[in-house]
Amino acid sequence: MNKISKAVISRLPRYYRYLDELRTQKIERVSSKELSEMMNVTASQIRQDLNNFGGFGQQGYGYNVQYLYDEIGKLLGLDTPHKMVIVGAGNLGQAIANYGNFKNRGFQITALFDKNPNLIGTKTSDAEIMDIECLYDYVKENQVEIVALTLPKEPAREIAEKLVACGIKAFWNFAHTDLKISGDIIVENVHLSESLMKLTYRISEKRNHNEE
């Protein structure tokens, strides 16, 4: 298989989400044209994206919704469970832990870690908040695959480096910094404020256009 572009990979979760909606509606087949109208992506783009993985459709028939949903789920690695912990049990960390859809997708949030004594020992919907001093031993002993970082940028860098030494290979980073870690470490940097600023840019752009 050829190397898949980041743009194609970024669209896979959207396909998965829309196909899930179609499954919920008991729709068995969908054409690229119908999918394009739902997603605001051209039908040719959809066909090109899916052809990177071998197609999945038949001309004149379209796509079997359940089959395509399952296959994209496999591509996204959702056919196997992923153990995850959250470092930083403030409002954002707890909100992530309490979001039930992650569990439905196979992400097992097994623990949260924080240094705040008022939080240690309390629980979210499925996991306990533990003392951050226990973090490194915990990830070694419990085969944790993903660490979500929801804490300030300075401790995030230091903690991430220590976690790499413990064998962690993947970070979901909400800290206000782009983690740059050497080696084959996978990092998904998520900047909520940047997403919001894109929205305010579009608001400003629309306002300026209307005033012209």
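Placed above this text is the structure.
Residues numbered from 1 in each chain as written. Predicted model: local features only at pLDDT ≥ 70, side-chain atom pairs only at ≥ 80, totals over all residues. Heavy atoms only, no water.

Explain the overall build of the protein residue by residue, including any values.
In terms of regular secondary structure, the protein is built from 9 helices and 8 strands. Structurally, the protein occupies a C-alpha span of about 60 × 50 × 35 Å along its principal axes. Buried residues in the protein amount to 39% of all 212 residues. Taking all contacts inside the protein whose residues are at least 6 apart in sequence as the whole, residues at least 24 apart take part in 54%. (Helix = DSSP H or I, 4+ residues; strand = E, 2+ residues; numbered from the N terminus. Buried < 20%, exposed > 50% of the residue type's maximum accessible area, 1.4 Å probe, protein only. Contact = heavy atoms within 4.5 Å.)

Please set out unusual backbone geometry residue by residue, giving values where relevant.
Backbone geometry at Lys-26 places phi at a positive 65°, although glycine is not the residue there. When you line up the elements, Lys-26 lands in the loop between helix 1 (6-24) and strand 1 (29-30). Despite not being glycine, Asn-40 shows a phi value in the positive range, around 60°. Position of Asn-40 among the secondary structure elements: in the loop between helix 2 (32-39) and helix 3 (43-51).

Explain the pattern of salt bridges residue by residue, including any values.
Evaluation of the coordinates by the stated rule reveals 9 salt bridges. The closest approach of N and O atoms between Lys-162 and Glu-158, which form a salt bridge, is 3.3 Å. Residue Lys-162 and its partner Glu-158 are both found in helix 8 (residues 153-165); the two are separated by 4 residues, about one turn of the helix. Judged by its relative accessible area of 40%, Lys-162 falls in the partly exposed class. Assessed through its relative accessible area of 48%, Glu-158 is described here as partly exposed. Residues participating in the shared-partner salt-bridge network are Asp-20, Arg-23 and Arg-105. (Salt bridge = Lys/Arg side-chain N within 4 Å of Asp/Glu carboxyl O.)

Outline the sheet that holds strand 7 (residues 170-173), supporting the account with residue identities and numerical values.
Reading across from one edge, 5-4-3-6-7-8 is the order of the 6 strands in this open sheet, with parallel pairing throughout. Each edge of the open sheet carries a strand with a single partner, namely strand 5 (128-131) and strand 8 (186-189). Across this sheet, the average inter-strand angle for adjacent strands is 25°, counted without regard to direction. Sheet contacts for helix 5 (residues 91-98): strand 3 (82-87), strand 4 (107-114), strand 5 and strand 7; angle to strand 4, the most-contacted strand, approximately 155°. Packing against the sheet, helix 8 makes contact with strand 3, strand 6 (146-149) and strand 7, and its axis sits at approximately 170° to strand 6. (Pairing = 2+ DSSP bridges. Axes fitted to C-alpha atoms, helices over the stretch in contact; angles between N-to-C directions.)

How would you summarise helix 5 if you had to cite specific residues and measurements?
Buried within helix 5 are the following residues: Gly-93, Ile-96 and Ala-97. Seen from one end, helix 5 has its buried residues packed into an arc of 100°, which puts them on one side. (Arc of directions from axis to C-beta.)

Kindly report on helix 8, identifying the contributing residues and their values.
Since the α-helix turns once every 3.6 residues, residues separated by three or four places project in the same direction. Here helix 8 is 13 residues long and its end C-alpha atoms lie 19 Å apart, about the 18 Å a rise of 1.5 Å per residue gives. Considered for burial, the residues of helix 8 that qualify are Ala-156, Ile-159, Ala-160 and Leu-163. Viewed end-on, helix 8 has its buried residues packed into an arc of 110°, placing them on one side of the element. In this structure, the buried residues of helix 8 make contact with strand 3, helix 7 (135-141), strand 6 and strand 7. Of the residues one or two after helix 8, Gly-167 is the one with positive phi, at around 105°. (Expected span 1.5 Å × (residues − 1).)

Which residues make up the packing of aromatic side chains, and what are the values?
Counted under the stated rule, the structure contains 6 aromatic pairs. With a centroid separation of 4.3 Å and 10° between ring planes, the pair formed by Tyr-16 and Tyr-69 is classed as stacked. Taken together, the residues span a long stretch of sequence, with Tyr-16 in helix 1 and Tyr-69 in helix 4 (residues 65-75) at a distance of 53 residues. Ring centres of Tyr-99 and Phe-102 lie 4.8 Å apart, and the angle between their planes is 80°; on these two criteria the pair is classed as edge-to-face. (Phe/Tyr/Trp six-rings, centres within 6.5 Å; stacked < 30°, edge-to-face > 60°.)

Talk me through the side chain of Asp-49; I want residue IDs and the actual numbers.
You can see Asp-49 is positioned in helix 3. Residue contacts for Asp-49: discarding those within four places in its chain leaves Val-8, Arg-11 and Tyr-15.

For the environment of Asn-173, give the residues involved together with the corresponding values.
Following the sequence through the fold, Asn-173 ends up in strand 7. Residue classification places Asn-173 among the buried residues on the basis of a relative accessible area of 0%. A C-alpha to C-alpha distance of 6.9 Å links Asn-173 and Thr-150, two positions 23 residues apart in sequence. Separated by 2.7 Å, the side chains of Asn-173 and Asn-189 make a polar contact. (Polar contact = N/O pair within 3.5 Å; in protein donor to acceptor, adjacent residues only side chain to side chain.)

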